[in-house]
Amino acid sequence: MATLNASAGVDWIRIHPLVVRVTHWVNALAVLIMVTSGWRIYNASPIPIFGTWRFPNEITLGGWLGGALQWHFAAMWLFAINGLVYLVYGIVSGHFRRKMLPIRPVEVLHDVQEALRGRLAHDDLSVYNAAQRAAYVTLIIVLVVLVASGLAIWKPVQFQPLADLMGGFQGARIVHFVAMATMVAIVIVHIAMVAMVPRTFPTMFTGRARRIVAGRTT
Amino acid sequence: MSNAGKTTTSRPGLSEQSTRQIELIERRLFLQRGLSLGALSLLSGCAITEQDSVQRILDNMSYWNDRAQAAIFDPRRLAREYTESAIVDPFPFNAYYSEDEVRVVDEKSYKLELSGLITSRKPWSVAELHALPQFTQVTNHICVEGWSAIGKWGGVRFSEFLARVGADTTAKYVGFKCADDYYTSIDMATALHPQTQMTLTFRDQLLPPKYGYPMKLRMPTKLGYKNPKHIVAMFVTNTNPGGYWEDQGYNWFGGS
Ligand code: HEM
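Let me sum up the structure you'll find in this document. Being a predicted model, the structure only gives us computed values, none of them experimental.

**Describing the overall build of chain A**
Each helix and strand in chain A was counted, giving eight helices and five strands. Traced from its N-terminal end to its C-terminal end, chain A shows the element sequence β-β-α-α-α-α-α-α-α-α-β-β-β. Here the C-alpha coordinates of chain A stretch approximately 60 × 35 × 35 Å along the principal axes. For chain A, buried positions account for 46% of its 218 residues. When contacts within chain A are restricted to residue pairs at least 6 apart in sequence, those whose partners lie at least 24 apart make up 67%. Accessible surface, chain A: about 10900 Å² in total, of which carbon and sulfur atoms supply 72%. Positive and negative side-chain charges of chain A, numbering 18 and 8 respectively, have mean locations separated by a distance of 6 Å.

**Some words on the coordination of the iron atom of the ligand**
Residues and elements named next belong to chain A. Coordination of the iron atom of the ligand by the protein involves His-24 (NE2) and His-190 (NE2), with metal-donor separations of 1.9 to 2.0 Å. For the iron atom of the ligand, the six donor atoms in the first shell make angles of 85 to 179° at the metal, so the coordination geometry reads as octahedral. Taken together, the residues span a long stretch of sequence, with His-24 in helix H1 (residues 18–43) and His-190 in helix H7 (residues 168–196) at a distance of 166 residues. Judged by its relative accessible area of 24%, His-24 is partly exposed.

**Comments concerning the nonpolar core**
Leu-112, Leu-129, Phe-158, Phe-161, Met-198, Met-215 and Met-234 of chain B are the most contacted members of the largest nonpolar core, which totals 59 residues. Those elements that provide at least two residues to this core are helix H2 (65–92) of chain A together with helix H3 (126–130), strand E3 (148–157), helix H4 (158–164), strand E4 (173–178), helix H5 (188–191), strand E6 (197–202) and strand E9 (231–237) of chain B. Beyond its immediate stretch of four places on either side in the chain, Met-234 of chain B contacts Leu-112, Glu-113, Leu-114, Ser-115, Ile-118, Phe-158, Phe-161, Gly-175, Phe-176, Met-198 and Met-215 of chain B. Counting residues in each nonpolar core, the second largest holds 27 residues, with Ile-33, Met-34, Phe-55 and Met-180 of chain A among its members.

**Description of the sheet that holds E9 of chain B**
Residues and elements named next belong to chain B. Spatially, E1-E9-E4-E5 is the arrangement adopted by the four strands of the open sheet, whose pairing is mixed. Strand pairing shows two members of the sheet lacking a second neighbour, strand E1 (113–116) and strand E5 (183–187), which therefore form its edges. Across the sheet, the axes of successive neighbouring strands diverge by a mean angle of 20°, strand direction being ignored. Relative to E5, E4 runs antiparallel, the two sharing five bridges. Pairing of Gly-175 across the sheet is with Ser-185, part of E5.

**Quick notes on the interface of chain B and chain A**
Contacts between the two partners involve 43 residues from chain B, matched on the other side by 39 residues from chain A. Summing both sides of the interface, chain B and chain A together bury roughly 3500 Å²; the carbon and sulfur share of this comes to 61%. Across the pair Arg-80 of chain B and Asp-164 of chain A runs a salt bridge, and its minimum N-O distance is 2.9 Å. For the interface between chain B and chain A, the tally reads 14 residue pairs in polar contact (both at pLDDT 80 or more). Looking at the side of chain B that touches chain A, the element that brings in the most residues is helix H2 (residues 48–72) of chain B, giving ten residues. Here the residues of the side of chain B that touches chain A sort into 22 nonpolar, 13 polar and eight charged.

**Observations concerning the site of the ligand**
Residues and elements named next belong to chain A. Surrounding the ligand, one finds 21 residues, the nearest of these being His-24, Tyr-86, His-122, Tyr-128 and His-190. Taking Tyr-86, its side chain carries an N or O atom lying 2.5 Å from an oxygen atom of the ligand. Within the side chain of Gln-132, one N or O atom sits 2.8 Å away from an oxygen atom of the ligand. When residues of the shell around the ligand are traced back to their parent elements, those giving at least two are H1, helix H3 (95–100), helix H5 (130–154), H7 and helix H8 (200–206). When its residues are assigned to classes, the shell around the ligand shows twelve nonpolar, nine polar and no charged.

So, how was this worked out
Residues numbered from 1 in each chain as written. Chains lettered and ligands numbered in written order. Predicted model: local features only at pLDDT ≥ 70, side-chain atom pairs only at ≥ 80, totals over all residues. Heavy atoms only, no water. Helix = DSSP H or I, 4+ residues; strand = E, 2+ residues; numbered from the N terminus. Buried < 20%, exposed > 50% of the residue type's maximum accessible area, 1.4 Å probe, protein only. Contact = heavy atoms within 4.5 Å. Areas by Shrake-Rupley, 256 points an atom, 1.4 Å probe, with all protein chains shown as cover. Lys, Arg positive; Asp, Glu negative; His and termini not counted. Charge placed at Lys NZ, Arg CZ, Asp CG, Glu CD. Donors = N, O, S within 2.8 Å, 3.2 Å for Na, K, Ca; no water. Tetrahedral: all angles 85-135°; square planar, octahedral: opposite > 155°, others 65-115°. Core = buried A, V, L, I, M, F, W, Y, C linked by side-chain atoms within 4.5 Å. Pairing = 2+ DSSP bridges. Axes fitted to C-alpha atoms, helices over the stretch in contact; angles between N-to-C directions. Buried area = accessible area lost by both parts, 1.4 Å probe. Salt bridge = Lys/Arg side-chain N within 4 Å of Asp/Glu carboxyl O. Polar contact = N/O pair within 3.5 Å; in protein donor to acceptor, adjacent residues only side chain to side chain. Nonpolar A, V, L, I, M, F, W, Y, C, P; charged D, E, K, R; others polar. Near = heavy atom within 4 Å.

In short, shape yes, function no, at least from these values alone.
This is the structure:
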């Protein structure tokens, strides 16, 4: 968070590293493709315990099962490789340790309550509040579960031990679906939070935010 | 079951037939409108050429996925075998047509034709196939649609048959033509896998027409649509023969 420019009376601090910004938006595109094509694939044979409910075809990608599979199996490489770059960077550079930790349940609860009252604690954009930290870490874990269960569905024979962890092919389908639903729910909240604090939006492109001095923006 | 795995989405309240027709109509509309369906509205306004180039990228990714799956495929890894109590009854029927259109092959006129890189190309009768050494398997049939069902199949180990007829097993592909006009092809590594079977029986009974009488290919290492039923001709080749669903967009390798 080095000071970039103190000349014009405005202090700019770098809050989002380039790798995080690029992987974030690549991920958002990959996730959009994965989710909408995944819904079309799901429609071909809904999971029996969830009944016969299907996603409206209008909000799916691919046009038919074969087309949706092509999108899903193309975007999975983008999603997985991009995610791997983000994970390795986050761990090696200390980004995760610095910005996601610690996560204290009491703080998370407090910040979630504040957010629900419309008072999101996010004055200093260089620091994620506890609710954000918990949401991002959960999201990252869910994305890892999505990849693992996806691999188990794709290769239930070649990766049989992985599929067995999830109760076999049909079990992995359920894990994959529940992880997708969890991710979609968190992402909806995530986007709603960005809408509540719109100042954060441009920072995910530029990486910069104005520095807070003694509780006010200079 | 087979040619399986690939058909249409079943829709409650509709016959398989009308479900299939709806799917075909949808598919035609889809092709006409290109990729404009779906949530990626940013692609919807694209010119035809851009739609073509998107489709080209998707096709290339599918070829890439064929290669990735060939690399992942372990010729020694066996699909799990289950106990007979796990067999699903009734076992689902699936094809690109409905169950009342199942082809009934006449044993007397049937012969299995061999061609391509095979030295002894004499045709085989049903009785001759049944006279070969047999084995059974209780394995999981996984459909590309997402459902799966455990069944019991019996027949001839395909690798032994290929050796018996002098097939060139250094070639890349084995292609299949079926009495129901279905066709598909597989990689040689999977053809030689110990669980790949020229199936003649289902649950210890003569293979019924709906599951592919007189002979189907059963591969627990591949999705249902790669398992052709009612096979009347097979050939060994180095040119990829494609397949009924594969030529419309399903991934060619289709491994599981
Ligand atoms: C259009 C959709 C999206 C928008 C507008 C958006 C916006 C943002 C913004 C503004 C931030 C920075 C928040 C801050 O500085 O306080 C952020 C961070 C983050 N977003 Fe999103 N996002 C979107 C979609 C997604 C999706 C789909 C995912 C994952 C599935 C995701 C995961 C994350 C994560 C993990 C972070 C923290 C990144 C880090 O610091 O390592 N976002 N997002």
